[in-house]
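Structural description and commentary
One-letter residues, chain by chain:
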Amino acid sequence: FKNISIFNAAHEQLFSSNKRIFPHDLMKKIDSITYKRPTALQILDASHFATDKNALIFYYVPIMEYGKLVGIALVQENMEKIQSILEERTGMGATGESYIVGHDYRMRTRSRFFPQRHPGNILVRTEAVINSFANQPGNGILTDYRNVRVLSVYRAINNVDLE
């Protein structure tokens, strides 16, 4: 993991393994998750708060005492490890690429073809993504986000927290 932060029930940050202070807007999103399912372990996509070129994914871990929520732990995923897996291109030819797209149709991982652009600025409203969001995995020769015809294989990552 990249970072672990602990908050009390009022969302005051008590500890961070890397001394990071989280923005107030992120804590508002945490509040909405806490309101819906306060005792459930959840995954939070906070990529629109990222300052670098990586997705910002947290595991939300409620801290309970006698059935009452007394705090939360936010465990930040190390997206560099996931990015390095996605950048593996063995058997994918000269133009192969793997990437993750959020439900806002924006990339969550870096583009091989636009490495200097923040992934959240790359819109991927393609047939493959639309089909994936409709739980219709597939493959074929399709037009990608660069308007280039590619051999595509796609499927959704089925996780209720990331919808």
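Residues numbered from 1 in each chain as written. Predicted model: local features only at pLDDT ≥ 70, side-chain atom pairs only at ≥ 80, totals over all residues. Heavy atoms only, no water.

For the rest of this paragraph, the subject is the overall build of the protein. Across its full length, the protein carries three helices and seven strands. With the C-alpha coordinates of the protein rotated into their principal frame, the extents come out at 55 × 30 × 25 Å. For the protein, the residues scored as buried account for 40% of the 163 residues in total. Here the contacts in the protein between residues at least 6 apart in sequence split such that 36% fall between residues at least 24 apart. Carbon and sulfur atoms provide 54% of the accessible area of the protein, an area that totals close to 9900 Å². Side-chain charges in the protein split into 20 positive and 16 negative, and the spacing between the mean points of these groups amounts to 3 Å. (Helix = DSSP H or I, 4+ residues; strand = E, 2+ residues; numbered from the N terminus. Buried < 20%, exposed > 50% of the residue type's maximum accessible area, 1.4 Å probe, protein only. Contact = heavy atoms within 4.5 Å. Areas by Shrake-Rupley, 256 points an atom, 1.4 Å probe, with all protein chains shown as cover. Lys, Arg positive; Asp, Glu negative; His and termini not counted. Charge placed at Lys NZ, Arg CZ, Asp CG, Glu CD.)

It is worth spelling out the pattern of salt bridges at this point. In this structure the tally under the stated criterion is five salt bridges. For Asp 45, the salt bridge goes to Arg 108, with nearest N and O atoms at 2.6 Å. Taken together, the residues Asp 45 in strand S3 (residues 42-45) and Arg 108 in the loop between helix H2 (79-86) and helix H3 (127-133) connect sequence positions 63 residues apart. As far as the burial class goes, Asp 45 and Arg 108 line up, both buried. Arg 110 serves as the salt-bridge partner of Glu 87, at 3.3 Å between the closest nitrogen and oxygen. With Glu 87 in the loop between H2 and H3 and Arg 110 in the loop between H2 and H3, the pair connects residues that are 23 residues apart, well separated along the chain. A relative accessible area of 37% places Glu 87 in the partly exposed class. Judged by its relative accessible area of 18%, Arg 110 is buried. Connected via shared salt-bridge partners are Asp 45, Asp 104 and Arg 108. (Salt bridge = Lys/Arg side-chain N within 4 Å of Asp/Glu carboxyl O.)

Another point: the sheet that holds strand S5 (residues 68-76). Within a sheet, neighbouring strands are paired by backbone hydrogen bonds and run either parallel or antiparallel to one another. Spatial strand order, S2-S1-S5-S4-S3: five strands in an open sheet with antiparallel pairing. Strands with a single pairing partner mark the edges of an open sheet, and in this sheet they are strand S2 (13-16) and S3. Each strand of the sheet is rotated relative to its neighbour by a mean of 25°, with strand direction disregarded. (Pairing = 2+ DSSP bridges. Axes fitted to C-alpha atoms, helices over the stretch in contact; angles between N-to-C directions.)

The next subject is the confidence of the model for the protein. Across the protein, the average pLDDT comes to 86, with 93% of residues at 70 or higher. Across the protein, the element-wise mean pLDDT spans from 73 in helix H1 (residues 24-36) up to 96 in H3. (pLDDT = per-residue confidence, 0-100.)

Turning our eyes to something else, we now look at H2. Residue pairs three or four apart in sequence face the same way in an α-helix, which turns once every 3.6 residues. For H2, every residue scored as buried is listed here: Met 79, Gln 83 and Leu 86. What you see down the axis of H2 is that its buried residues fit within an arc of 60°, all on one side. Facing away from the buried side of H2 by over 90 degrees, the exposed positions are Lys 81 and Ile 85. Lining the buried residues of H2 we find strand S4 (57-65). Structurally, the start of H2 carries an N-cap: the backbone nitrogen of Glu 80 is 3.1 Å from a side-chain oxygen of Asn 78. (Arc of directions from axis to C-beta. Polar contact = N/O pair within 3.5 Å; in protein donor to acceptor, adjacent residues only side chain to side chain.)

This brings us to the packing of aromatic side chains. In total, this model carries four aromatic pairs according to the counting rule given. Seen in terms of ring centroids, Tyr 99 and Tyr 145 are 5.3 Å apart; in terms of plane orientation they differ by 80°. Their pairing is edge-to-face. A residue pair is termed long-range when its members are at least 10 positions apart, and Tyr 99 in the loop between H2 and H3 and Tyr 145 in the loop between strand S6 (138-143) and strand S7 (149-154) qualify at 46 residues. Assessed through its relative accessible area of 26%, Tyr 99 is described here as partly exposed. When its relative accessible area of 14% is taken as the criterion, Tyr 145 is described as buried. Arranged with centres 5.3 Å apart and planes meeting at 65°, the rings of Tyr 105 and Phe 133 form a pair that is edge-to-face. Note that Tyr 105 is positioned in the loop between H2 and H3 and Phe 133 in helix H3, a separation of 28 residues in sequence. (Phe/Tyr/Trp six-rings, centres within 6.5 Å; stacked < 30°, edge-to-face > 60°.)

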